[in-house]
Amino acid sequence: MTSLESRIAKAIWRATADDWLKLTDSDVVIVGAGPSGLTAAKYLAQSGLHTLVLEKRLSFGGGIGGGGMLLHKIVVDDRALPILKEFGIKHTYAPEYGLYTLDSSELMAKLAAGAIDAGAKVIHGVTVEDLVIRENPFRVEGVVVQWSAVHISSLHVDPLFISSKAVVDATGHDAEVLKVLERKNPSLGIKIPGERSAYSEAGERAVVEMSGKVLNGLYVAGMAVASLNQLYRMGPIFSGMLASGRKVAEEIIKDLRGVHA
Ligand code: 48H
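Predicted, not measured: the structure shown is a model, and the values here were computed from it.

Visitor: Hey, could you go over the pattern of salt bridges for me, with residue numbers and the actual values?
Guide: This model, assessed by the stated rule, comprises 11 salt bridges. We note a salt bridge from E141 to R139, for which the minimum N-O separation is 3.7 Å. Since its relative accessible area comes to 29%, E141 is described here as partly exposed. Overall, the relative accessible area of 29% leaves R139 in the partly exposed class.

Below is the structure:
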C-alpha cells in the first residue's frame, strides 16, 4: 500500500471528483446557505430533486449567527412553528411578547442538518459569480462558479459551470445573483432597488408573498426578495425567511415536477 499521505490525497481527489461529476448537472442550485436557502434545500431534496447549495463562506447560516445585535437569540412567530417542528428546532414561547425565542446556534446547525439529511449537498467556499443563460426565450440554465479563495485573491482565473433546471438567489440583502443579471443583461429590465427601512410586520408578510419565480429558471428567496421588491426589513425575526424558503421550494417542485409539495 502507498503512504498514508498519498492515500489521504487520493481519497479526497476521488471522492471530490465523484461528487462534482454528479453535481455538474443538478436539478436545483441554491445560492447561499442562510435560513431561506437551507429551508428551501430541505423541502426540495426531500421531494426527490437533486439539490445543491453553494455557499461562498466556510460556514452555515448566513445572518443567523449574528443573532439580534450579536445576542445569541433570535425570534419567530406562530407562522414558523410547522417548519421548526419539521427540523426539530427547540423554541420557547414568551407569552408577554407573543413570540418564540430560539438559539441562533441551534437554528444554524439544525437547518443545515435538516437540508443535508434530506439529501441536499452543501458545498462551502464556492462563489456564484454569474449565470448560464439562453436567449429567445430568455432562461437561466445554471450558474458560473469560482472558489471564494480565488475571488479574495483577485487572481484572474476562469470559472467553471454547473447546469441546473432552477437557480435560487438566496444570497440575502445583497441579492448577488439578481445584481449580476441587472448589470450584465440590461434588456431584461431587472432593477434591484434594495430594501426599505424597518417595519417588521409588513416586511415579514410581504417577503413570503413575493418569494418565488423571477423569470424562467430563476427564483428568489429571503432578504433578496426584499432587495428586489424594495420591501421593509424586519430585523432578527426569522419566520419570514423560513416560510420564504419553503414557498420557493413548493413553487419549484410544482414547476419541475408538476405536483404540489
Ligand atoms: C455563494 C453567497 C453569494 C454568492 C452571498 O444573508 P443570509 O442569511 O440570507 P437569507 O435571505 O436567507 O436570510 C437573511 C437573514 O439572515 C437576515 O439578514 C435578516 C432576516 N435580516 C433582517 C434585517 O432587517 O436586517 O444568507 C445568505 C448567504 C450567506 O451565507 C452568504 O455568504 C451567501 O448567501 N452568499 N454564496 N455565492 N455569490 N452571495
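Visitor: Account for the site of the ligand, with residues named and values stated.
Guide: In the vicinity of the ligand there are 28 residues, among which S36, E55, G63, M223 and R233 approach most closely. In this structure, K56 approaches the ligand through a main-chain N or O atom, which is 3.1 Å from a nitrogen atom. M223 places a polar main-chain atom, nitrogen or oxygen, 2.8 Å from an oxygen atom of the ligand. Contact with the protein chains hides 94% of the accessible area of the ligand, taken as 800 Å² for the molecule alone. Taking a 2 Å distance to the grid points as the criterion, the majority of the atoms of the ligand fall inside the largest pocket. Listed by contribution, the elements that provide at least two residues to the shell around the ligand are α2 (35-46), β2 (51-55) and β7 (126-134). Per-element tally for the shell around the ligand: the top contributor is β7, with 3 residues.

Visitor: I'd like a rundown of the side chain of T127, residues and numbers included.
Guide: As for its placement among the helices and strands, T127 is situated in strand β7. Look at T127 and you get buried, because its relative accessible area is 8%. Setting aside chain neighbours within four positions, we find T127 in contact with K56, V144, V145, Q146, S148 and H151.

Visitor: For the packing of α2 against helix α9 (residues 239-257), give the residues involved together with the corresponding values.
Guide: Two elements in contact, α2 and α9, have axes separated by 7 Å at closest approach and are oriented at 40 degrees. Of the possible angle classes, the one that applies to α2 and α9 is oblique. Crossing geometry of α2 relative to α9 is assigned as right-handed. When α2 is examined against α9, the residues P35, S36, T39, A40, Y43 and L44 are found in contact with a partner set consisting of M241, L242, G245, R246, A249, I252 and I253. Within the contact of α2 with α9, the residues separate by chemical class into 9 nonpolar, 3 polar and 1 charged.

Visitor: Explain helix α6 (residues 176-184) to me, and be specific about the residues and the numbers.
Guide: When we look at burial in α6, the residues that qualify are V177, L178, V180 and L181. With its buried residues spanning 155 degrees around the axis, α6 presents them on a single face. Contact partners of the buried residues in α6: β1 (25-31), β7, β9 (160-169), β11 (212-215), β12 (218-220) and α8 (223-229).

Visitor: Please provide a residue-by-residue account of a nonpolar patch on the surface, values included.
Guide: On the surface, L4, I8 and I12 cluster together to form a nonpolar patch covering roughly 300 Å² of accessible area. Mapping L4 onto the fold places it in helix α1 (residues 4-23).

Visitor: Which residues make up the environment of G114, and what values do they have?
Guide: Structurally, the position occupied by G114 is in helix α4 (residues 104-117). Judged by relative accessible area, G114 falls into the buried class, the value being 13%. Ignoring sequence-local partners within four residues, the contact set of G114 consists of K42 and F87.

Calculation criteria
- Residues numbered from 1 in each chain as written.
- Predicted model: local features only at pLDDT ≥ 70, side-chain atom pairs only at ≥ 80, totals over all residues.
- Heavy atoms only, no water.
- Salt bridge = Lys/Arg side-chain N within 4 Å of Asp/Glu carboxyl O.
- Buried < 20%, exposed > 50% of the residue type's maximum accessible area, 1.4 Å probe, protein only.
- Near = heavy atom within 4 Å.
- Polar contact = N/O pair within 3.5 Å; in protein donor to acceptor, adjacent residues only side chain to side chain.
- Areas by Shrake-Rupley, 256 points an atom, 1.4 Å probe, with all protein chains shown as cover.
- 1 Å grid on protein atoms, 1.4 Å probe; cavity = no way out; pocket = protein on both sides within 12 Å on 5 of 7 lines; lining within 4 Å.
- Sits in = over half its atoms within 2 Å of the grid points.
- Helix = DSSP H or I, 4+ residues; strand = E, 2+ residues; numbered from the N terminus.
- Contact = heavy atoms within 4.5 Å.
- Axes fitted to C-alpha atoms, helices over the stretch in contact; angles between N-to-C directions.
- Parallel < 35°, antiparallel > 145°, perpendicular 65-115°, else oblique.
- Left-handed = near helix turned anticlockwise from the far one by under 90°.
- Nonpolar A, V, L, I, M, F, W, Y, C, P; charged D, E, K, R; others polar.
- Arc of directions from axis to C-beta.
- Patch = residues over 30% accessible without salt bridge, like charges linked within 9 Å, V, L, I, M, F, W, Y side chains within 5 Å.

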